[in-house]
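# Descriptive structure summary
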Amino acid sequence: MNDTSPSRLERMIARLSAQKAFLDFAASQVRDLPGPILEIGLGKGRTFSHLAKLFPSREIYAFDDGLRAPADSAPEPARLALGDFRLTLAAMRGRIAPAALAHADFGSEDRGFDAGQAVWLAPLIAALMAPGGLVVSDRALSMPGWTPLAGPEGLEWTYHAARAG
Ligand SMILES: C[S@@+](CC[C@H](N)C(=O)[O-])C[C@H]1O[C@@H](n2cnc3c(N)ncnc32)[C@H](O)[C@@H]1O
């Protein structure tokens, strides 16, 4: 690292700032679109907690391979799907109403691994979305029929948004 490259702390601040800005943006976009919210990558529950604040009266379903979030930042067990996304997202098909918003926060420090996951994640998410619903993600996701959106400007971290067809 040299003096001009961002520190790990600065990169984390940039990432979390981008997440908050995109979730706030998404909330404004789907205010009038009914349907549950999907948190794909519950992790420590930070973004779940923000989604719960933005959508106090919506059902929020969370997915992860394990529970690492404190109780106040995780959904009740009936809305928590633990296991590999491949299985849990597929199992949700037909069991919940079409989703207004999916936040896919599945990234790791291995960009190549994440790109591989993105290939199979996108169709699994697409199958759960309402037409016009928003998909916000920490890694690029694309599907035929989805329209990429620019999202908020002026951020120092790349985040992604698309409107489902
Ligand atoms: C970046 S973290 C999520 C952070 C979280 N949104 C927060 O704000 O605290 C990504 C999470 O996705 C989970 N994950 C990644 N790939 C997965 C997969 N294929 N199946 C289930 N969980 C997965 C990881 O275990 C990790 O908890």
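Our structure's up above, just so we're on the same page.
Our subject in this report is the structure included herewith.

Attention shifts here to the site of the ligand. Taken together, 15 residues surround the ligand, and among them Gly41, Gly43, Arg46, Thr47 and Asp65 come closest. Looking at the shell around the ligand, its residues break down into three nonpolar, six polar and six charged.

Moving on: helix α4 (residues 111–126). For α4, which comprises 16 residues, the first-to-last C-alpha distance of 22 Å matches the rise-based estimate of 22 Å (1.5 Å per residue) to within 8%. Along α4, the sharpest kink reaches roughly 35°, centred on tryptophan 120 and followed within four residues by the proline proline 123. Those residues of α4 not exposed but buried are Leu121, Ala122 and Ile125. Summarising the contacts, the buried residues of α4 are in contact with β1 (37–40), α3 (85–92), β4 (99–104) and β5 (129–137).

Pairing is mixed across the open sheet formed by seven strands, whose spatial order is β3-β2-β1-β4-β5-β7-β6. The open sheet terminates on both sides in strands that have one partner only, identified here as β3 (80–82) and β6 (147–149). Adjacent strand axes in the sheet meet at a mean angle of 20° when their direction is disregarded. The pairing of β4 with β5 spans five bridges and is parallel. Following the sheet pairing, alanine 104 is matched in β5 by serine 137. Against the sheet, α3 makes contact with β1, β2 (60–64) and β3, and its axis sits at roughly 155° relative to β2, the strand it touches most.

In this section: helix α1 (residues 8–29). With 22 residues, α1 ought to run about 32 Å at 1.5 Å a step, and its terminal C-alpha atoms sit 31 Å apart, in line with that. Buried within α1 are the following residues: Gln19, Phe22, Leu23, Ala26 and Ala27. All buried residues of α1 lie within an arc of 140° about the axis, which places them on one face of the element. For α1, the exposed residues set more than 90 degrees away from the buried face come down to Leu9, Glu10 and Ser28.

About the criteria used
Residue numbers here run from 1 along each chain, matching the order of that chain's written sequence. At least 70 in pLDDT is required for a residue's local features to be given in this predicted model, at least 80 for side-chain atom pairs to be given and counted, and no such filter applies to totals for whole chains, interfaces and linings, which use all residues. Placing the C-beta atom from the backbone, one calls a residue near a molecule or strand if that atom lies within 6 Å of it. Lys, Arg, Asp and Glu make up the charged group, whereas Ala, Val, Leu, Ile, Met, Phe, Trp, Tyr, Cys and Pro make up the nonpolar group; the residues left over, Gly among them, are polar. Starting at the N terminus, helices and strands are each numbered in turn, a helix being any DSSP run of H or I of at least four residues and a strand any DSSP run of E of at least two. In a helix, the anticipated span is given by 1.5 Å times the number of residues less one. For a residue, the bend is simply the angle between two axes, fitted respectively to the seven-residue segment ending there and the seven-residue segment starting there. Counting other C-beta atoms within 10 Å of each residue's C-beta, where C-beta atoms are placed from the backbone, gives the exposure class: buried for 20 or more, exposed for 12 or fewer, partly exposed between. Note that contacts rest on C-beta atoms placed from the backbone: two residues are in contact if these are within 7 Å. Strands qualify as paired when DSSP identifies two bridges or more between them. Each axis is a line fitted through C-alpha atoms, taken for helices only over the stretch in contact, and angles between the N-to-C directions span 0 to 180 degrees. Think of it as the arc spanned by the lines of direction from the helix axis to the C-beta atoms.

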